[in-house]
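Chain by chain, the residues:
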Amino acid sequence: MRLKDLATSLSYNARLIPEAVDGEGTTAMELVNDAFYKETPIQVELSLGKKRNLVVSVSEVTEQE
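Here we summarise the structure given alongside this text. (Residues numbered from 1 in each chain as written. Predicted model: local features only at pLDDT ≥ 70, side-chain atom pairs only at ≥ 80, totals over all residues. Heavy atoms only, no water.)

Notes on the pairing of strand β3 (residues 42–47)
To be explicit about the condition: In this analysis, strands are considered paired if DSSP registers two or more bridges between them. For the purposes of this entry, the term helix denotes a DSSP run of H or I that reaches at least four residues, the term strand denotes a run of E that reaches at least two, and both are numbered from the N terminus.
Pairing between β3 and strand β4 (residues 54–60): 6 bridges, direction antiparallel. In the sheet register, Q43 faces β4, and the bridge partner there is S59.

Structure below.
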């Protein structure tokens with residue numbers, strides 16, 4: 001998936017493996033799908049690597065800055 005940092009406008013390609021984020025993967029997938037369809041921001045932590053970037057955590061944005 002392609003992610004855009006709203007603070008810096010940088011874009012990243014990252015692979016989401018939902019099971020690695022929250023066990024069953026249901027919460028991570030729900031947050032990502034809701035953010036995509038409703039066009040709302042989410043917080044995503046990435047692990048940047050040489051060959052691929054992996055999503056480490058996904059959470060709702062609690063406060064807009």
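Read on for the rest.
Some thoughts on the environment of L54
Selection rule: Here's how the labels work: a residue is buried when its accessible area is under 20% of the maximum for its type, exposed when over 50%, partly exposed in between, all with a 1.4 Å probe on protein chains only. The contact criterion used throughout is that any non-hydrogen atoms of two residues lie within 4.5 Å.
Its location among the elements puts L54 in strand β4. Its relative accessible area of 28% is what places L54 among the partly exposed residues. Considering only alpha carbons, one finds L54 and D22, 32 residues apart in sequence, at a separation of 14 Å. Sequence-distant contacts of L54, that is, excluding residues within four places in its chain, are made with R15, I17, E45, L46 and S47.

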